[in-house]
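Fold and geometry: a report
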There are 2 protein chains.
Amino acid sequence: MNHIVIMAGGVGSRFWPVSTPEYPKQFIDILGCGKSLIQLTVERFAPFCAKENFWVVTNERYRDIIREQLPGIPETHILCEPVGRNTAPCIALACWKIKEEDPQANIAVTPSDAFVTDSEAFRGGVSDALDFAARHDNLLTIGITPTRPETGYGYIHMKSTAREGVTSVDSFREKPSAEVAMQYFKDGGYLWNAGIFVWNVAAIEKAIREYKPGIAAKMDEIVAGGSLDEIFPECEKISIDYAVMEPAAAAGLVCTRPVECGWTDLGNWTSLWEKREKDEQGNCVSGNVTLSEDSGCVISVEGLEKVVVQGLSGYIVAYRDGRLLICRREDEQRIRDFAK
Amino acid sequence: MNHIVIMAGGVGSRFWPVSTPEYPKQFIDILGCGKSLIQLTVERFAPFCAKENFWVVTNERYRDIIREQLPGIPETHILCEPVGRNTAPCIALACWKIKEEDPQANIAVTPSDAFVTDSEAFRGGVSDALDFAARHDNLLTIGITPTRPETGYGYIHMKSTAREGVTSVDSFREKPSAEVAMQYFKDGGYLWNAGIFVWNVAAIEKAIREYKPGIAAKMDEIVAGGSLDEIFPECEKISIDYAVMEPAAAAGLVCTRPVECGWTDLGNWTSLWEKREKDEQGNCVSGNVTLSEDSGCVISVEGLEKVVVQGLSGYIVAYRDGRLLICRREDEQRIRDFAK
């Protein structure tokens, strides 16, 4: 059976102050569509299995938010990390737990805070990947066909061979310089790494045992009844990319299913601004805002009674719970520093 | 005895959202000094009489604020207009009430929202004016020696004759054009009209009876036991300048005592910005604000937990009670429209 693992432990510091460690962006209706990013994520994967087969890996302090926002997900499928240890231990924990329930499980792992414009194309890709994973012991990633020479994402370098829409991966590449990103874009053999993985439970277990036996040993202890709160923090803090996908790719075990689906990781205000509907002056607004001579702004001020913004061009104005940010969009990489 | 009348009925719409009809600017610590403008006004006039001789004319809805902020002023000296009728009925009401208590009263009338840098010079001027009014039946205004060709104030045109530091007034002049303001400034015979008046109670009563007998008749009814709430709204809505000072000046009855005291009417954010202490980049800030690459801004965000403002030059950022304003300082004359 299919299982979906949603990684939802991030603190979303680049969306301060709307996203805070107490209530990070994946739980916020940051697109102004009436649903939070994690609710949209569940919706996107809903065709592949019942809610009973969804799993969320998060931090203990978000448990109640998840219960409230995703009422169909079984209590025992909300896995709370005592501390964040990056994605490798997070994914390992979910896969070990799933295997206990369903040794034949077929798994898709996804972040909770990405956004997809063309849900149908996206579902087609994930569906193909799940079908493939059910029949092969490869580790799959969903690769996004680039639409611009983006420097903010990691890349997947494909081999030329392909079967059933799925292509072998040669290697993973770090976030490139502008020059290199342009080469990738022109070459056509590179995809964006969206951090969405598909595999059967035996394949990922085997890979973790091979490439990160330390993490595998900790997971064995946990499912044998050991204390998650005591054992999990002892895991190496490492991403699934470094821990497993890169060495597995070098061993020829990794495949990708390219999709063109208008994907964005919604990593910051500008990526949100790019995705959201804008007025004629290019402003993207949520909240009760009167605009006057503004352009290219992203304004998120839900919770304020009345807001007047006049004469701003290319700014972020964001409010939540007594905290207010006004800054140039082009300087938003400094928001994490501002928030300190 | 001296009596001080403070006019405090204004709604301060040019300071939205920090000033609101519910809690207007005269009651706010807009200078960030720990005292509201009306408290500073009382302090400025405190040397001239005891708190028992202070009077406040305001609107019913500000009664409790005044009780709280000015605890020494007798309950019976808080005169609440049922509706605003501009300054002529306001001043007439106070003077009629004062005469009942003290038929020999010597009175200074002042707005509640102005600001004075050189309090000593100001007190010297008011002291001279009160002394003069005790011995003469003239109507006096405190004239402010201009420091720039300001177009935002009305002007007083002096006659050349002067006695005891007090000079006869030839006429009052409306807010001038830039060209005319420059002529006034160069001429030296013109003062700013600060709306501060000094007279004995008999002189002002006589002048109101002469120039506005309708208003005088309503005041007679009120002090004879008529209902303030019923009678006051029947008064003509007119300023003391039009109603009394201008015709009295034409009749040679008006005098002025020029003072150089760093006076401003704090009519808007820019006048506040001009008066307040600024950082090296010319920003004037109240509230918990982290600045980064800002200049020439006035930021008033008391009540917010944390505010970050980056990359603004020449802006107003103002917050109060769920309302937020961001606008260019040069466009602040439009704040009243924004607030609607």
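The notes below deal with the structure included here.

So, how was this worked out
Residues numbered from 1 in each chain as written. Chains lettered and ligands numbered in written order. Predicted model: local features only at pLDDT ≥ 70, side-chain atom pairs only at ≥ 80, totals over all residues. Heavy atoms only, no water. Helix = DSSP H or I, 4+ residues; strand = E, 2+ residues; numbered from the N terminus. Rg over C-alpha atoms; globule rule 2.2 N^0.38 Å. Contact = heavy atoms within 4.5 Å. Areas by Shrake-Rupley, 256 points an atom, 1.4 Å probe, with all protein chains shown as cover. Buried area = accessible area lost by both parts, 1.4 Å probe. Salt bridge = Lys/Arg side-chain N within 4 Å of Asp/Glu carboxyl O. Polar contact = N/O pair within 3.5 Å; in protein donor to acceptor, adjacent residues only side chain to side chain. Nonpolar A, V, L, I, M, F, W, Y, C, P; charged D, E, K, R; others polar. Phe/Tyr/Trp six-rings, centres within 6.5 Å; stacked < 30°, edge-to-face > 60°. Buried < 20%, exposed > 50% of the residue type's maximum accessible area, 1.4 Å probe, protein only. Lys NZ or Arg CZ within 6 Å of the ring centre and 35° of its normal. Least-squares fit on C-alpha atoms with pLDDT ≥ 70 in both. Pairing = 2+ DSSP bridges. Axes fitted to C-alpha atoms, helices over the stretch in contact; angles between N-to-C directions. Parallel < 35°, antiparallel > 145°, perpendicular 65-115°, else oblique. Left-handed = near helix turned anticlockwise from the far one by under 90°. Disulfide = S-S within 2.5 Å.

1. Digging into the overall build of chain A
Looking only at helices and strands, chain A has eleven helices and 17 strands in total. Its C-alpha radius of gyration of 20 Å places chain A within 12% of the 20 Å reference for a compact globule of 340 residues. Each principal axis of the C-alpha distribution contributes one length, and for chain A these read about 60 × 45 × 35 Å. If you take every contact in chain A between residues at least 6 apart in sequence, the share linking residues at least 24 apart comes to 65%. Counting only carbon and sulfur atoms, one obtains 47% of the accessible surface of chain A, whose full area is about 13,700 Å².

2. Observations concerning the interface of chain A and chain B
Taken together, the 28 residues of chain A in the interface contact 28 residues of chain B. When the two sides are added together, the surface that chain A and chain B hide from each other amounts to roughly 2,400 Å², 50% of it contributed by carbon and sulfur. Between chain A and chain B we count four salt bridges in total. Among the ionic pairs, Glu293(B) bridges to Arg334(A), the shortest N-O distance being 3.2 Å. In this structure, the connection of chain A to chain B is made through 26 residue pairs in polar contact (both at pLDDT 80 or more). Looking at the side of chain A that touches chain B, the elements with two or more residues in it are β15 (306-310), β16 (315-320), β17 (323-328) and α11 (335-339) of chain A. For the side of chain A that touches chain B, the leading source of residues is β17(A), giving six residues. Tallied by class, residues from the side of chain A that touches chain B come to 15 nonpolar, four polar and nine charged.

3. Here's the deal with the packing of aromatic side chains
Within the structure shown, the criterion is met by 20 aromatic pairs over all chains. Considering the side-chain rings of Phe27(A) and Tyr62(A), the 5.4 Å spacing of their centres and the 55 degrees angle between planes classify their relative orientation as tilted. Taken together, the residues span a long stretch of sequence, with Phe27(A) in the loop between β1 (2-7) and α1 (37-45) and Tyr62(A) in the loop between β2 (54-59) and α2 (63-69) at a distance of 35 residues. Judged by relative accessible area, Phe27(A) falls into the buried class, the value being 3%. A connected cluster of aromatic rings, assembled from ring pairs, spans Tyr23(A), Phe27(A) and Tyr62(A). Cation over ring: Lys278(A) sits above Trp273(A), and NZ or CZ is 4.8 Å from the ring centre. Seen from the ring of Phe122(B), Arg44(B) lies directly overhead, with NZ or CZ sitting 5.9 Å from the centre.

4. Let's talk about the relation of the copies chain A and chain B
Expressed as a screw operation, the relation of chain A to chain B combines 0.1 Å of axial shift with a rotation of 180 degrees, fitting to an RMSD of 0.1 Å. Accordingly, the operation relating the two chain copies is best matched by a two-fold axis. Both copies present the same face, since 100% of the interface residues in chain A are matched by interface residues at the equivalent positions in chain B.

5. Some remarks on the sheet that holds strand β17 (residues 323-328) of chain B
With mixed pairing, the six strands of this open sheet are ordered in space as β13(A)-β15(A)-β17(B)-β16(B)-β14(B)-β12(B). Every other strand in the sheet has two partners, leaving β13 (289-292) of chain A together with β12 (284-286) of chain B as the edge strands with one partner each. In this sheet, adjacent strand axes meet at a mean angle of 10 degrees when their direction is disregarded. Of the pairings in the sheet, the one linking β15(A) to β17(B) comprises four bridges and is parallel in character. Opposite Val308(A), over in β17(B), you have Leu325(B) as the bridge partner.

6. Here's the deal with the packing of helix α6 (residues 201-211) of chain B against helix α9 (residues 240-250) of chain B
Residue and element names in this part refer to chain B. Across the interface, α6 lies against α9 with an axial gap of 9 Å and an inter-helix angle of 95 degrees. Comparing their axes, α9 and α6 come out roughly perpendicular. Every residue of α9 that contacts α6 at Ile204, Ala207, Ile208 and Tyr211 is listed here: Ala243, Val244, Pro247 and Ala248.

7. Observations regarding the pairing of strand β9 (residues 190-200) of chain B
Residue and element names in this part refer to chain B. For β9, a buried count of eleven out of eleven residues is recorded, marking the element as mostly surrounded by other parts of the structure. Bridge analysis of strand β4 (residues 106-111) against β9 gives four bridges, and the strand direction is antiparallel. Along β9, the bridge assignment pairs Asn106 with Asn200.

8. Remarks on the packing of helix α3 (residues 87-101) of chain A against helix α6 (residues 201-211) of chain A
All names here are of chain A. Look at α3 against α6: their axes get within 10 Å of each other, and the N-to-C directions meet at 130 degrees. With respect to their mutual orientation, α3 and α6 come out oblique. The interaxial crossing formed by α3 with α6 has left-handed handedness. Together, Ala92, Cys95, Trp96 and Lys99 of α3 and Val201, Ile204, Glu205, Ile208 and Arg209 of α6 make up the contact between the two elements. Along the lines of polarity and charge, the residues of the contact of α3 with α6 split into six nonpolar, no polar and three charged.

9. A word on the state of the cysteines
Counted according to the given criterion, the structure contains zero disulfides over all chains. With no disulfide of its own, Cys49(B) lies 14 Å from the sulfur of Cys95(B), the closest cysteine sulfur.

10. With respect to the pattern of salt bridges
Two side chains of opposite charge can pair, provided their charged atoms sit close to one another. Residue and element names in this part refer to chain A. On inspection of all chains with the given rule, the structure shows 37 salt bridges over all chains. Note that Arg257 is salt-bridged to Asp128, the shortest N-O span being 2.7 Å. Residue Arg257 is located in strand β10 (residues 254-259), and its partner Asp128 is located in helix α4 (residues 119-135); the two are separated by 129 residues in the primary sequence. Arg257 gets classed as buried once you look at its relative accessible area, which sits at 16%. According to the relative accessible area criterion, Asp128 is partly exposed, its value standing at 28%. Notably, a salt bridge pairs Glu236 with Lys212, separated by 3.0 Å at the nearest N-O pair. Of this pair, Glu236 sits in the loop between α8 (228-231) and α9 (240-250) while Lys212 sits in the loop between α6 and α7 (213-223), and the two are 24 residues apart along the sequence. Judged by relative accessible area, which is 38%, Glu236 ranks as partly exposed.

11. Some remarks on α9(A)
All names here are of chain A. Among all positions in α9, only Ile240, Asp241, Ala243, Val244, Met245, Ala248 and Ala249 are buried. At its buried positions, α9 is contacted by α3, β6 (139-144), β8 (166-173), β9 (190-200), α6 and β10. Gly252 sits one or two residues past α9 and shows a positive phi near 80 degrees.

12. Overview of the pairing of β8(A)
Residues and elements named next belong to chain A. Where burial is concerned, most of β8 is hidden: six out of the eight residues are buried. Where β8 lies against β10, two bridges are found, and the strand directions are antiparallel. Within β10, the residue paired with Thr167 across the bridge is Thr256.

13. Focus: the side chain of Asn106(B)
Residues and elements named next belong to chain B. Relative to the helices and strands, Asn106 is located in strand β4. The class for Asn106 is buried, based on a relative accessible area of 6%. Only 3.4 Å separates the side chain of Asn106 from the side chain of Asn2, close enough to count as a polar contact. Setting aside its immediate chain neighbours within four residues, Asn106 contacts Met1, Asn2, His3, Leu130, Ala133, Ala134, Trp199 and Asn200.

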